[in-house]
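Given next are the chains, with one letter for each unit.
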Amino acid sequence: MKKVKKIIVSFLLMCMLCVGMTCVASATAAEFRFSDPQTSVGAEVDVTAKVSSAKALNTIQATLSYDKTKLRFISGDDATGGDGTITISRNDEKAGTTMEFNLKFQALDEGTTSVEIAKVDGIDSNGVALEITSGSSSVSIAKGDKSLIQKED
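To start, this report covers the structure provided alongside it. (Residues numbered from 1 in each chain as written. Predicted model: local features only at pLDDT ≥ 70, side-chain atom pairs only at ≥ 80, totals over all residues. Heavy atoms only, no water.)

Re the side chain of Thr-28
- Checked against the element boundaries, Thr-28 lands in strand E1 (residues 28–34).
- The buried category is assigned to Thr-28, whose relative accessible area is 7%.
- Reaching out from Thr-28, the side chain makes a polar contact with the side chain of Asp-124 at a distance of 2.6 Å.
- Apart from residues lying up to four places away in sequence, Thr-28 is in contact with Ser-53, Lys-55, Asp-124, Val-128, Ala-129, Leu-130 and Glu-131. (Helix = DSSP H or I, 4+ residues; strand = E, 2+ residues; numbered from the N terminus. Buried < 20%, exposed > 50% of the residue type's maximum accessible area, 1.4 Å probe, protein only. Polar contact = N/O pair within 3.5 Å; in protein donor to acceptor, adjacent residues only side chain to side chain. Contact = heavy atoms within 4.5 Å.)

Focus: the sheet that holds E1
- The mixed open sheet is built from 5 strands, whose spatial order is E5-E8-E3-E1-E10. With one partner strand each, in any of the chains shown, strand E5 (71–76) and strand E10 (130–134) form the two edges of the open sheet. Taken over all neighbouring pairs, the strand axes of this sheet differ in orientation by 25° on average, direction set aside.
- Pairing of E1 with strand E3 (residues 44–53) involves 5 bridges; the strand directions are antiparallel. Bridge assignment links Phe-32 to a residue of E3, and that residue is Val-51. (Pairing = 2+ DSSP bridges. Axes fitted to C-alpha atoms, helices over the stretch in contact; angles between N-to-C directions.)

Considering the sheet that holds strand E9 (residues 111–124)
- Here we have 6 strands laid out as an open sheet, ordered E2-E11-E9-E4-E7-E6, and mixed in their pairing. The open sheet is flanked by strand E2 (38–40) and strand E6 (79–82), the only strands paired with a single partner. Going from strand to strand, the sheet's axes swing by 20° on average, the running direction of each strand aside.
- Of the strand pairs in this sheet, E6 and strand E7 (residues 85–91) are connected by 4 bridges, and their pairing is antiparallel. Following the sheet pairing, Thr-80 is matched in E7 by Thr-87.

Looking at the nonpolar core
- Of all hydrophobic cores here, the largest spans 31 residues; its most connected members are Phe-32, Leu-64 and Phe-105.
- Leaving out residues up to four positions away in the same chain, Leu-64 has contacts with Phe-34, Gly-84, Thr-85, Ile-86, Ile-88, Leu-103, Val-115, Glu-116, Ile-117 and Ala-118. (Core = buried A, V, L, I, M, F, W, Y, C linked by side-chain atoms within 4.5 Å.)

Examining the pattern of salt bridges
- Within the structure shown, the criterion is met by 7 salt bridges.
- Ionic pairing is found between Asp-78 and Arg-90, a salt bridge with its closest N-O pair at 2.5 Å. Of this pair, Asp-78 sits in the loop between E5 and E6 while Arg-90 sits in strand E7, and the two are 12 residues apart along the sequence.
- Overall, the relative accessible area of 41% leaves Asp-78 in the partly exposed class.
- For Arg-90, a relative accessible area of 16% puts it in the buried group.
- Taking the shortest distance from any N to any O, the salt bridge between Lys-146 and Asp-109 comes out at 3.8 Å. One end of the pair, Lys-146, is in the segment after strand E11 (136–142); the other, Asp-109, is in the loop between strand E8 (98–107) and E9, with 37 residues separating them in the sequence.
- Judged by its relative accessible area of 53%, Lys-146 falls in the exposed class.
- By relative accessible area, Asp-109 is classed as partly exposed at 29%.
- Taken together, the salt bridges that share partners define one network made up of Glu-44, Asp-46 and Lys-104. (Salt bridge = Lys/Arg side-chain N within 4 Å of Asp/Glu carboxyl O.)

This is the structure:
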């Protein structure tokens, strides 16, 4: 009987120690949202991408995709790409709770298209991974002047 009590007490002590050693690191919630601009064929259009969080941000890395038959990527803040894919990368210890990226495109064809997040990662100012809710941009393109369309470099 004493042996059984010792085993039970030892088991309970181990359980208490395990509970005390448990450390839960939860991700910081963030949102990645876009503007929904309207334009016409041949015109340039700006799409604004904005990451917001209740905690200060540090690093954002994202891969965006778009329909290269409808849009041509021209330039963007901390962004590179073309041919249907854009990579955004920013490391800013003083960013605060928002990071904004302006992306410039040229409209190539009529219709509605989108700029979407293919992949996104981020870290807050405490080094904790961000749990990012992502959206997409809806770009409406009306009739315009196709002679204004520039060829890619």
